[in-house]
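Structural features, examined
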Amino acid sequence: MSETQGPKIVCIGRIYCDLVFAGVPRMPTLGSEVFADNVSLHAGGGAFNSAVTFCALGWNTALSGTLPATPFDTQILTEAQAVGLDVSLCRQAPPGASPQITVAMAIQGDRSFLSNKSGKAAPSLDTTHPTCRTVRHMHIGEIRTLYEMPALLKQARTAGWTISLDCGWDDELMPQGAALNKLVSQVDVFLPNEIEFETLKASGLKSDVAPLTVLKQGAKGATALSDGQRLQLPATPVQVVDATGAGDAFNGGFLAGWLTGEPLGTCLENGNQCGAKTVGNIGGTLGLLAKEPMLKASL
Ligand SMILES: Nc1ncnc2c1ncn2[C@@H]1O[C@H](COP(=O)(O)OP(=O)(O)OP(=O)(O)O)[C@@H](O)[C@H]1O
Ligand SMILES: [Mg+2]
């Protein structure tokens, strides 16, 4: 691969292997057993899901994170290879690490999750690594990763990269908004969902702390907040099949527009399209890989 063809975007964060139990008749209760219709394995985590969306939109992208312990790493590597996602910045889990996996139960159109976080958020990022030579943007999959690795901000700026940050649901950090102002103020684009943002604000995060905040509002669409202005765009109507990863897919679509200098309205539209495409397909972000020419053409 020549220099100019290398990754333009690096996505960093926790990488999970999701064990998705589908057709679950009811939530298991203590002392009882429930049988699902089927179970399948999928790569997961915000960084992976957004990275796959960038790939689907034609952006050379690298993933940086620790692979779940074997045998679950195979799933991530196989899915990454299928979409051309560069994994040269990823590391194996240390010996003896417990696998970073999520059990997802799909019950009547919704899902509940049980996850195991293992070890550090991600390996240290070496911005002098050959993979990083062509990078111009870093997307951080969840605020917890930035909280654990604040040096990422300086590293990215020194390398001349722009920075985006998803929040990701985090029971411990979301009620600590005041303490997060300093970190969030240093990213270019902050992309929480509406509940995450409201919880952060209620605990002291300033609403205009990032130069551009993009609120993901589910079936209502999304709102961009910048320079004291609000721009709201309704969602793309779609039949909900599987909402997993919609927020991460939205990030990919929005940021692909933002990185090409599109007006905010177009970025929101692209984000909404990617979110809707994911919601309308089984298997989260990978549904995007059915490749809608519309998505590419609009960028
Ligand atoms: N029911 C829906 N109909 C149409 N579009 C949707 C729907 N749900 C989500 N989307 C699209 O996906 C985007 C992201 O969804 P959402 O607001 O649920 O993010 P999130 O809560 O961060 O998701 P995730 O659970 O993946 O973290 C929305 O802004 C919207 O564009
Ligand atoms: Mg989200």
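Okay, so let's go over this structure. None of these values were measured; they are calculated from a predicted model.

1. Quick notes on the packing of helix H1 (residues 46-56) against helix H2 (residues 73-83)
Orientation of H1 relative to H2, taken along the N-to-C sense of each, is 20°, at an axis distance of 10 Å. As summarised for this structure, H1 and H2 are arranged roughly parallel, according to the angle between their axes. Seen from above, H1 lies across H2 with left-handed handedness. In this structure, H1 contributes Phe48, Val52 and Cys55 to the contact, and H2 contributes Ile76, Glu79, Ala80 and Val83.

2. Some words on the sheet that holds strand E11 (residues 222-226)
Through backbone hydrogen bonds, the strands of a sheet pair up, either in parallel or in antiparallel fashion. Ordered in space as E4-E1-E7-E8-E9-E10-E11-E12, the 8 strands form an open sheet in which the pairing is mixed. The open sheet has two edge strands with one neighbour each: strand E4 (61-64) and strand E12 (229-233). Across the sheet, the mean angle from the axis of one strand to that of its neighbour is 15°, orientation sign disregarded. The pairing of strand E10 (residues 212-216) with E11 spans 5 bridges and is classified as antiparallel. In the sheet register, Leu215 faces E11, and the bridge partner there is Thr223. Helix-sheet contacts for helix H4 (residues 151-158) involve strand E1 (9-12), strand E7 (137-140) and strand E8 (162-166), and the interaxial angle to E8 is about 150°.

3. Quick notes on the sheet that holds strand E2 (residues 16-22)
On the basis of which strands lie adjacent, the open sheet formed by 4 strands has the order E3-E2-E5-E6 and mixed pairing. What marks the edges here is a single partner per strand, and that holds for strand E3 (38-44) and strand E6 (110-115). For this sheet, the mean inter-axis angle between neighbouring strands, taken without regard to orientation, is 25°. Against the sheet, H2 engages E2 and E3, with an angle of about 70° to E3.

4. Things to note about the nonpolar core
If you look at the biggest cluster of nonpolar residues, it comprises 39 residues, and the most contacted ones within it are Phe48, Leu63, Leu85, Val214, Phe254 and Leu268. In contact with Leu85, not counting residues within four places along its chain, are Phe48, Ala51, Cys55, Thr61, Ala62, Leu63 and Ala80.

5. Quick look at the site of ligand 1
In the vicinity of ligand 1, 17 residues are found, and the nearest of them are Asn193, Gly218, Gly221, Gly247 and Asn272. Between Gly247 and ligand 1, the recorded distance is 2.9 Å, taken from a backbone N or O atom to an oxygen atom. A distance of 2.6 Å separates an oxygen atom of ligand 1 from a polar atom in the side chain of Asn272. About the coverage of ligand 1: the protein hides 79% of its 620 Å² of free accessible area. Within the residue set of the shell around ligand 1, elements represented by two or more residues are helix H7 (246-259) and helix H8 (264-279).

6. Looking at the packing of H1 against H7
Look at H1 against H7: their axes get within 8 Å of each other, and the N-to-C directions meet at 45°. Judged on the interaxial angle alone, H7 and H1 are oblique. For the element pair H1 and H7, the recorded crossing hand is right-handed. Note on element contacts: H7 touches H1 through Asp248, Ala249, Asn251, Gly252, Gly253, Leu255 and Ala256, opposite Gly46, Asn49, Ser50, Thr53 and Phe54. Split into classes, the residues belonging to the contact of H1 with H7 amount to 4 nonpolar, 7 polar and 1 charged.

The rules we used
- Residues numbered from 1 in each chain as written.
- Chains lettered and ligands numbered in written order.
- Predicted model: local features only at pLDDT ≥ 70, side-chain atom pairs only at ≥ 80, totals over all residues.
- Heavy atoms only, no water.
- Axes fitted to C-alpha atoms, helices over the stretch in contact; angles between N-to-C directions.
- Helix = DSSP H or I, 4+ residues; strand = E, 2+ residues; numbered from the N terminus.
- Parallel < 35°, antiparallel > 145°, perpendicular 65-115°, else oblique.
- Left-handed = near helix turned anticlockwise from the far one by under 90°.
- Contact = heavy atoms within 4.5 Å.
- Pairing = 2+ DSSP bridges.
- Core = buried A, V, L, I, M, F, W, Y, C linked by side-chain atoms within 4.5 Å.
- Buried < 20%, exposed > 50% of the residue type's maximum accessible area, 1.4 Å probe, protein only.
- Near = heavy atom within 4 Å.
- Polar contact = N/O pair within 3.5 Å; in protein donor to acceptor, adjacent residues only side chain to side chain.
- Areas by Shrake-Rupley, 256 points an atom, 1.4 Å probe, with all protein chains shown as cover.
- Nonpolar A, V, L, I, M, F, W, Y, C, P; charged D, E, K, R; others polar.

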